[in-house]
Amino acid sequence: FSYCTLIREPYAQLQSHLNWLRGIGADKESAFYQSHHRLFKSIADDISQKQQLSYEDLEHIVGKLDGVLRTLLDNNQTRYFLSEECEEVTSAHLQEALENVQMFDLIGTTEQYEEFKTEFCKRQQLDMVESNRSLNRAHYAPLFDVKDPRNREILLPLVEKDLVLYQRVASAEAD
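Conventions adopted
- Residues numbered from 1 in each chain as written.
- Predicted model: local features only at pLDDT ≥ 70, side-chain atom pairs only at ≥ 80, totals over all residues.
- Heavy atoms only, no water.
- Helix = DSSP H or I, 4+ residues; strand = E, 2+ residues; numbered from the N terminus.
- Polar contact = N/O pair within 3.5 Å; in protein donor to acceptor, adjacent residues only side chain to side chain.
- Contact = heavy atoms within 4.5 Å.
- Expected span 1.5 Å × (residues − 1).
- Buried < 20%, exposed > 50% of the residue type's maximum accessible area, 1.4 Å probe, protein only.
- Arc of directions from axis to C-beta.
- pLDDT = per-residue confidence, 0-100.
- Salt bridge = Lys/Arg side-chain N within 4 Å of Asp/Glu carboxyl O.

S.K.: Can you lay out the side chain of Glu-9 for me, pointing to particular residues and giving the numbers?
M.R.: Along the chain, Glu-9 turns up in the loop between β1 (4-7) and α1 (10-24). A distance of 2.8 Å separates a polar side-chain atom of Glu-9 from the backbone nitrogen of Ala-12. Aside from chain neighbours lying at most four places away, what touches Glu-9 is Gln-77, Glu-111, Arg-152, Leu-163 and Tyr-166.

Written out as structure tokens, the structure is:
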């Protein structure tokens, strides 16, 4: 087996994840909404009608995270490289994730997707298919500006370990 994966810039990934949660609450009568756990719905209900999240909204989201909600939003990408689930990602978990990265034959970033796709196809001896279609694109405008320094400061606890992992992968990808 050959292990390959993609990761995304952590603030952009968190923004996308929150947009996905927003979508859960878009229609409270839908089977999609009804099929989700009440904890998912609790965040979805908070943000589904908002066009933008204020600093206070973001602080509220970060402040109310515990248990399952924390595992939903806390350093999500680092979690994917762990051998066991945890409630909160610690520095020891980050070290484990960085070690587990070595098991992968290819890790790319979504920001360098075309390069990843080219390398993946080459390694798997596949013909590369060009596509202009963007997959998994949100139907909503972003809930917050990922480049706003204050937003980044508020959300840092949720992406801190992911940023280290991302930098490691991105720097290896550049080599």
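Now that the structure has been shown, the text picks up again.
S.K.: Run through helix α8 (residues 113-124), naming residues and quoting values.
M.R.: Under the 1.5 Å per step criterion, the end-to-end length of α8 is 16 Å for 12 residues, consistent within 8% with the ideal 16 Å. Those residues of α8 that fall on the buried side of the exposure criterion are Phe-116, Lys-117 and Cys-121. Buried residues of α8, seen end-on, are gathered within an arc of 125° and therefore sit on one face of the element. Looking one or two residues past α8, Gln-125 carries a phi angle of roughly 55°, positive in sign.

S.K.: Explain the confidence of the model for the protein chain to me, using residue names and the numbers behind them.
M.R.: Within the protein chain, residue pLDDT values average 90, and 97% of them lie at 70 or more. Mean pLDDT in the protein chain bottoms out at helix α5 (residues 67-73), which sits at 80, and peaks at helix α7 (residues 91-100), which reaches 97.

S.K.: Mind laying out the pattern of salt bridges, listing which residues take part and the relevant values?
M.R.: Applying the stated rule across the entire model yields 11 salt bridges. Note that Arg-70 and Asp-74 form a salt bridge whose closest N and O atoms lie 3.7 Å from each other. In this structure Arg-70 comes out as buried when scored by relative accessible area, which is 15%. Of the residues examined, Asp-74 reaches a relative accessible area of 1% and is grouped as buried. Arg-150 is the partner of Glu-153 in a salt bridge, and the nearest nitrogen-oxygen pair spans 3.5 Å. Of this pair, Glu-153 and Arg-150 are both found in helix α9 (residues 149-174), three residues apart, which corresponds to roughly one turn of the helix. Taking relative accessible area as the criterion, Arg-150 reaches 29% and is therefore assigned partly exposed. Salt bridges here are not isolated pairs; linked through shared partners, they connect Glu-59, Arg-150 and Glu-153.

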